[in-house]
Amino acid sequence: RLELRCERDGGAGAELRLDAHPTLSVSRAALLPPPGGPGDPAGQALPVENRPFTSYGSALHISLPQPPRAGQMLTLLIDYEAGEGPGVCWLAPEQTAGKQKPYMYTQGQAVLNRSFFPCFDTPSVKFTYSATVKVPEGFTAVMSATSWEKQKDNTFVFKMSQPIPSYLIALVVGDIVSADVGPRSRVWAEPCLIEAAKKEYDGVIEEFLVVGEKLFGPYVWGRYDILFMPPSFPFGGMENPCLTFVTPCLLAGDRSLADVIIHEISHSWFGNLVTNASWGEFWLNEGFTMYAQRRISTEVYGLPYTCLEAATGRALLRQHMDATGEDHPLNKLRVVIEPGLWGINPDDTYNETPYEKGYCFVSYLAHLVGDQSKFDAFLQAYVNRFKFQSITADDTLAFFLEYFPELKKKGVDSIPGFEFDRWLNTPGWPPYLPDLSPGQQLMKPAEELAELWAADGLNVEAIEAVDITGWRTYQLVYFLDQVLQKSPLPEGNVERLSKMYPKISKAQNAELRLRWCQIVLKNNLEAEYSKVKDFLHSQGKQKYTLPLYRAMWGGSEATRALAMETFSATAPQLHVNVQNYVKKILGLQVAE
């Protein structure tokens, strides 16, 4: 049921167009009488037609009895069936952690929720919602909503009282249970994971929320709960309001991957509260969120560790730009997404640029201000000014110059080489890089150790003198990134490295496993190919899965065979988008 208000006269004539999907079958559309007014409670039936629109959706054309007037309220009832589309994911029991019961979840970002329900599927429109969900016995439903109530007959009622864009509506139904981990937080997971989830996140979430509120203003969503998804979930996290979805890869057992949680928490202000009006300016969501994440991390973990984490982010941006070519059109902050049948699918624009180049641009704005506390105050004012709205980069930058009139007078938007326009519209490496030198105290030892391992004759004495037992995850990740860059290593070195650091080569931590698998492949270490296979069997996160298939496909006959064998065994447990991306890498036919 859609409650609509006509914004202005004569815009669309007597027709309403909604985003939908070919897999969505509509049986009836009706105009309901005004609440409490006269008329048939079943409503007046309206002609409805689902027409082709883009490669990733269709347009639902609904004919209204007459053109609505500005300010007029309309209530529309649409009876439909959905479930086959890309936004609704059905998992067989073997794709879950418990392997006993099936599971379903929805993933809306960027343009998938139109296959879950007819809507205005654009981040430029925000609305409140409510839902009543009836599920079979033995299952629980949860949604991205401010209130959640279980009624009789296994029926759950949800309300989201704050306006949000369509992509943030999310539903999960599965055999899931919860445990409290803070005054406004609980973790949700399958029963077999709940203990691990509680142990990993007990007490830490509140600490991150408090720091976020201190920096960016009140947390407006009430609860902040985390749902640990089945292993096939394709993302690290999805910032659905009140209920972040995360990969079970975050259950590292040592609290070392909490930066992903900090990232999703940061979206509570940047993305969910202040939202990009178009997917072509995704950096407004992600660049600001990376900046906010690193501000919180600096407060919680200190500057050196945060700079180290940012350096691994910069390395990912470097890898991405080397792979695509710097001047690739996706490597600018403002991406042109043409509407229509042959336009770009916003989901295919997903890459490191809006995150890490966006982070560099926000850091550049902070650098122009030159005072951290003043820039923090600006961020808080920015959130307050645009909360519950969807905005463009022009809005953001105009507000920045208005907030700092002395910078506007100086013309900081057009400093040669650093023009705001260049940041937005020119592809390539960021013109400004924030100073990460405080991370040197952690990076230098990692770089030196990698040098030692890349040498022709190993200096075993020097290697044994370096104690890595105290290194935290990102220091190890940084070390492995250096080793990967220097790979293939001289004959025999990788085998020695594997034996010497079981903490790395036998790691359960997904970030370490990814890097170790990449090193194994780059060095043709056939004895450990099974680790690559095991890792790809254990999870289906896009960020871990695609680089490994690329590495296998770009390698030897043996690694290509490994890729084919692994994919044919794991394809059914992967998200359909990830299956298609892997098929592209392996040169297989992608079903439209």
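Residues numbered from 1 in each chain as written. Predicted model: local features only at pLDDT ≥ 70, side-chain atom pairs only at ≥ 80, totals over all residues. Heavy atoms only, no water.

1. Comments concerning the domain arrangement of the protein chain
A common way to express how large an interface is: the accessible area buried when the components associate. Per the domain assignment, the segments making up the protein chain are domain 1 (1–82), domain 2 (83–258), domain 3 (269–425) and domain 4 (445–586). Computed over C-alpha atoms, the centres of domain 2 and domain 4 are 31 Å apart. Listed as interface residues are 17 residues of domain 2 and, on the opposing side, 17 residues of domain 4. Contact between domain 2 and domain 4 buries roughly 1200 Å² in total, counting both sides, with carbon and sulfur atoms accounting for 59%. (Domains from an automatic or database assignment. Contact = heavy atoms within 4.5 Å. Buried area = accessible area lost by both parts, 1.4 Å probe.)

2. Considerations on the packing of helix α18 (residues 542–553) against helix α19 (residues 557–570)
It is the contact of α18 with α19, at a shortest axis distance of 7 Å, that shows an interaxial angle of 140°. Across the interface between the two elements, Tyr549, Met552 and Trp553 of α18 pack against Thr559, Arg560, Leu562, Ala563, Met564, Thr566, Phe567 and Thr570 of α19. In terms of residue class, the contact of α18 with α19 is made up of seven nonpolar, three polar and one charged. (Axes fitted to C-alpha atoms, helices over the stretch in contact; angles between N-to-C directions. Helix = DSSP H or I, 4+ residues; strand = E, 2+ residues; numbered from the N terminus. Nonpolar A, V, L, I, M, F, W, Y, C, P; charged D, E, K, R; others polar.)

3. Overview of the UniProt feature "binding site: a peptide" (unreviewed entry) in the protein chain
UniProt annotation of "binding site: a peptide" (unreviewed entry) refers to Gln107, Gly108, Gln109, Pro234, Phe235, Gly236, Gly237, Met238, Glu239, Lys541, Gln542 and Lys543 when read in the numbering used here. Locating Gln109 in the fold gives a position in the loop between β9 (103–106) and β10 (126–134). Those residues in contact with Gln109, other than ones at most four positions away along the chain, are Tyr167, Met238, Glu239, Trp279, Phe282 and Asp347. Checked against the element boundaries, Pro234 lands in the loop between β17 (225–228) and β18 (237–238). Beyond its immediate chain neighbours, meaning those up to four positions away, Pro234 contacts Tyr105, Gly540, Lys541, Gln542, Lys543, His575 and Val578. (UniProt positions renumbered as here; feature names shortened; annotations may be inferred.)

4. Thoughts on the sheet that holds strand β5 (residues 48–54)
Strand order in this open sheet of three strands is β2-β6-β5, and the pairing throughout is antiparallel. A single partner strand is all that each edge strand has here, and the edge strands are β2 (15–20) and β5. Taking the axes of each pair of neighbouring strands and ignoring which way they run, one obtains an average angle of 30° across the sheet. One ladder, built from six bridges, connects β5 with strand β6 (residues 57–63); its direction is antiparallel. Bridge pairing in β6 places Thr54 opposite Gly57. (Pairing = 2+ DSSP bridges.)

5. Re helix α20 (residues 576–585)
Counting buried residues along α20, eight of its 10 residues qualify, which places the element largely inside the surrounding structure. All of the buried residues along α20 are Asn577, Val578, Gln579, Asn580, Tyr581, Val582, Lys583 and Ile585. Tucked into the core, α20 has its buried residues touching α18 and α19. (Buried < 20%, exposed > 50% of the residue type's maximum accessible area, 1.4 Å probe, protein only.)

6. Observations concerning the pairing of β9
Burial along β9 is two-sided: Tyr103 and Tyr105 facing one way and Met104 and Thr106 facing the other are all buried. Across four bridges, the pairing between strand β8 (residues 88–91) and β9 is antiparallel. Its bridge partner lying in β9, Cys89 is registered against Tyr105.

7. Quick word on the packing of helix α16 (residues 510–522) against α18
Put simply, α16 and α18 touch, their axes get as near as 10 Å, and they point 5° apart. Judged on the interaxial angle alone, α18 and α16 are roughly parallel. In this structure, α16 contributes Ala510, Glu511, Leu514, Cys517, Gln518 and Leu521 to the contact, and α18 contributes Lys543, Tyr544, Pro547, Leu548, Ala551 and Met552. Among the residues forming the contact of α16 with α18, the class breakdown is nine nonpolar, one polar and two charged. (Parallel < 35°, antiparallel > 145°, perpendicular 65-115°, else oblique.)

8. Examining unusual backbone geometry
Looking along the chain, the bond that leaves Gln109 and enters Ala110 is cis, with omega of 0°. Within the element layout of this structure, Ala110 appears in the loop between β9 and β10. Residues Ser487 and Pro488 are joined by a peptide bond in cis, for which omega reads 0°. One non-glycine residue, Arg255, lies in the positive phi region at around 60°. Among the structural elements, Arg255 can be located in the loop between β19 (243–246) and α3 (258–266). Overall, Arg255 belongs to the partly exposed group, its relative accessible area being 36%. Residue Phe388 is not a glycine yet carries a positive backbone phi of 65°. Phe388 sits in the partly exposed class, given a relative accessible area of 25%.

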